[in-house]
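# Coordinate analysis (summary)
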Amino acid sequence: MPPRAFTSPELYELERTRVFGRSWVLIAHRDDLAEPNSYVSVDVAGEQVVVTRDADGVLHGLSPICRHRMMPLVEPGTAGTAESFTCRYHLWRYGLDGRLIGATHMRKNPDFDPARCRLPAFAVEEWHGFVYVNLDATAAPLTPQLARISADLTNYRLDDMAQLGSWSEEWACNWKVAVENAHENYHVMGFHPETLQPSTPGGSDTDVRVDSPWALRLLIPFAQPVETYALPLTAEEKAHMYGFFVFPGASLAAAGEMIIWLSLIPQTIDRTLVRGGILVPRAALEGGDLDEMRRQAESYAGMINREDRDGLEAVQRGVGSRFAGRGHLSPKEPGVVAFYQSLARALLRGDDDWPGGL
Ligand code: FES
Ligand SMILES: [Fe+2]
């Protein structure tokens, strides 16, 4: 892509509306919202989003902007439990399903009907424990679009996995710099010579399968097949890392008995929220020292994230150079090409011809 693609405010504005305004964005894993009355709050390209699990266990995706005078009800980037959200400006109170449940000194306004006052709802869907939100409440459901990926992951028993560790951090780069990087293994020899290069060498051939404008799979061979204890993986599965991508910014890497999820979400034109977690079979956690296992998992992921982050923040400085130019891709980067194609489609599609299903 041309360097301007990473720095143009006009393009970023289009991405905010045409891409992040109507695509499924991975917000959290089920274990982040395990309790009734829990919530996770995230900024998606300048739009505050809160995902809640209400007292009955039902998920909701909501815009947490008070319907009185637009005070945000929660801070972006926070999570926790709450029985309701109270606006700190004039103390209106909302249920976790978005209904207004209290507003003081409003009775004497005859035009105000509290029953009709509620937070706008987004589309929300849980796919094998991954909680996605779409700001377009009329969006076509996500699950049918991931049918092939669900089939590929059968032996990994995603529904029986537990999140061992997780992270949420901000990187100083345009979201596409981070997403491109996630779509290729070629950089492993450069950025990850000691952490990933021994297991998934950057020089190996990557096979790409494009399922739809939304979903693609990358197959990356391991240097050595992995051993398994809890999952009935085939020889093929033991010999490959399976990378699954849900446009625009979600990915899942199935590496033997470990699954790493990642969601890359723009905050501003040059800042990207990086959320992710490590999942393992629930059985693998039984009887183990959970804190120690969590510490190890998070420090392993932290090391790899740091390598990518350092590199990508440097690339961001590069894309801002007046002498930067568009380059050629290698045959090891078919995933990057597929990402560009999905992005072009999403940007060029007008509001009228955005189809219900693809
Ligand atoms: S802005 Fe929320 S109660 Fe006034
Ligand atoms: Fe990397």
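Residues numbered from 1 in each chain as written. Chains lettered and ligands numbered in written order. Predicted model: local features only at pLDDT ≥ 70, side-chain atom pairs only at ≥ 80, totals over all residues. Heavy atoms only, no water.

### Concerning the coordination of the iron ion (ligand 2)
- Coordination of the iron ion (ligand 2) by the protein comes from H187 (NE2), H192 (NE2), D308 (OD) and D308 (OD), over a distance range of 2.1 to 2.5 Å.
- Here the iron ion (ligand 2) is ringed by 4 donor atoms whose angles at the metal span 56 to 148°, and the overall shape comes out irregular.
- The sequence pattern describing where the donors of the iron ion (ligand 2) fall on their chain is H-x4-H-x115-D. Here the residue H187 occupies a position in the loop between α3 (175–182) and α4 (188–191), and D308 occupies one in helix α7 (residues 290–319), the gap between them amounting to 121 residues.
- Judged by its relative accessible area of 15%, H187 falls in the buried class. (Donors = N, O, S within 2.8 Å, 3.2 Å for Na, K, Ca; no water. Tetrahedral: all angles 85-135°; square planar, octahedral: opposite > 155°, others 65-115°. Helix = DSSP H or I, 4+ residues; strand = E, 2+ residues; numbered from the N terminus. Buried < 20%, exposed > 50% of the residue type's maximum accessible area, 1.4 Å probe, protein only.)

### Points about α3
- Across the 8 residues that make up α3, a large majority, 7, are buried.
- Taken as a whole, α3 has its buried residues at W175, K176, V177, A178, V179, E180 and N181.
- Where the residues of α3 are buried, they touch α1 (9–19), α4, β16 (258–268), β17 (271–281), α7 and α8 (334–348). (Contact = heavy atoms within 4.5 Å.)

### So, the nonpolar core
- By size, the foremost hydrophobic cluster in this structure holds 49 residues, and its most contacted members are V19, I27, V44 and V51.
- Take this core: its biggest share by element is 6 residues, from α8.
- Domain assignment of the residues forming this core places at least three in each of domain 1 (1–21 + 146–351) and domain 2 (24–138).
- Residues contacting V19, with those up to four places away along its chain left out, are L14, W175, F247, P248, L343, A346 and L347. (Core = buried A, V, L, I, M, F, W, Y, C linked by side-chain atoms within 4.5 Å. Domains from an automatic or database assignment.)

### Remarks on the state of the cysteines
- Going through the model one piece at a time under the given rule, you end up with 0 disulfides.
- Its sulfur unpaired, C117 is 7.4 Å from the next cysteine sulfur, which belongs to C66. (Disulfide = S-S within 2.5 Å.)

### What about α1?
- Among the residues of α1, those classed as buried are L11, Y12, E15 and V19. Considered in projection along α1, the buried side chains sweep an arc of 100° and stay on one side of the axis. For α1, the exposed residues lying more than 90 degrees away from the buried face are P9 and E10. (Arc of directions from axis to C-beta.)

### Some thoughts on the sheet that holds strand β14 (residues 240–246)
- Strand order in the open sheet formed by 7 strands is β11-β17-β16-β15-β14-β13-β12, with antiparallel pairing between adjacent strands. The two strands at the open ends of the sheet, each matched to only one other strand, are β11 (161–171) and β12 (207–210). Going from strand to strand, the sheet's axes swing by 15° on average, the running direction of each strand aside.
- In this sheet, β17 lies alongside β16 in antiparallel orientation, the contact comprising 9 bridges. Bridge assignment links I265 to a residue of β17, and that residue is L273.
- The sheet strands contacting α3 are β14, β16 and β17, and the helix crosses β16 at an angle near 160°. (Pairing = 2+ DSSP bridges. Axes fitted to C-alpha atoms, helices over the stretch in contact; angles between N-to-C directions.)

### Section: the pattern of salt bridges
- One pass over the structure, following the stated rule, counts 15 salt bridges.
- Note that D152 and R209 form a salt bridge whose closest N and O atoms lie 2.9 Å from each other. With D152 in helix α2 (residues 147–152) and R209 in strand β12, this residue pair connects regions lying 57 residues apart in the sequence.
- R209 sits in the buried class, given a relative accessible area of 14%.
- Notably, a salt bridge pairs R217 with D152, separated by 3.5 Å at the nearest N-O pair. Pair noted here: R217 is in strand β13 (residues 215–221) and D152 is in helix α2, with a separation of 65 residues, a long-range link. D152 matches R217 in its accessibility class, with the two residues each being buried.
- Sharing partners across several salt bridges, the network here consists of R148, D152, R209, D211 and R217. (Salt bridge = Lys/Arg side-chain N within 4 Å of Asp/Glu carboxyl O.)

### Some words on unusual backbone geometry
- Residue F247 is joined to P248 through a cis peptide bond whose omega torsion reads 5°.
- Along the chain, the position of P248 falls in the loop between β14 and β15 (250–255).
- Positive phi values are uncommon outside glycine, yet H105 reaches one of about 60°.
- Tracing the sequence through the fold places H105 in the loop between β8 (100–102) and β9 (121–127).

### Let's talk about the domain arrangement of the protein chain
- Split by domain assignment, the protein chain resolves into domain 1 (1–21 + 146–351) and domain 2 (24–138).
- The distance between the C-alpha centroids of domain 1 and domain 2 comes to 28 Å.
- At the junction of the two partners, domain 1 supplies 29 residues and domain 2 supplies 23 residues.
- Summed over both sides, the interface between domain 1 and domain 2 buries roughly 2,100 Å², with carbon and sulfur atoms accounting for 57% of that surface.
- Of all elements in the fold, only α1, α2, β11, β15, β16 and β17 reach the threshold of two or more residues within the side of domain 1 that touches domain 2.
- Looking at the side of domain 1 that touches domain 2, the element that brings in the most residues is β16, giving 6 residues.
- Taken together, the residues of the side of domain 1 that touches domain 2 sort by class into 19 nonpolar, 6 polar and 4 charged. (Buried area = accessible area lost by both parts, 1.4 Å probe. Nonpolar A, V, L, I, M, F, W, Y, C, P; charged D, E, K, R; others polar.)

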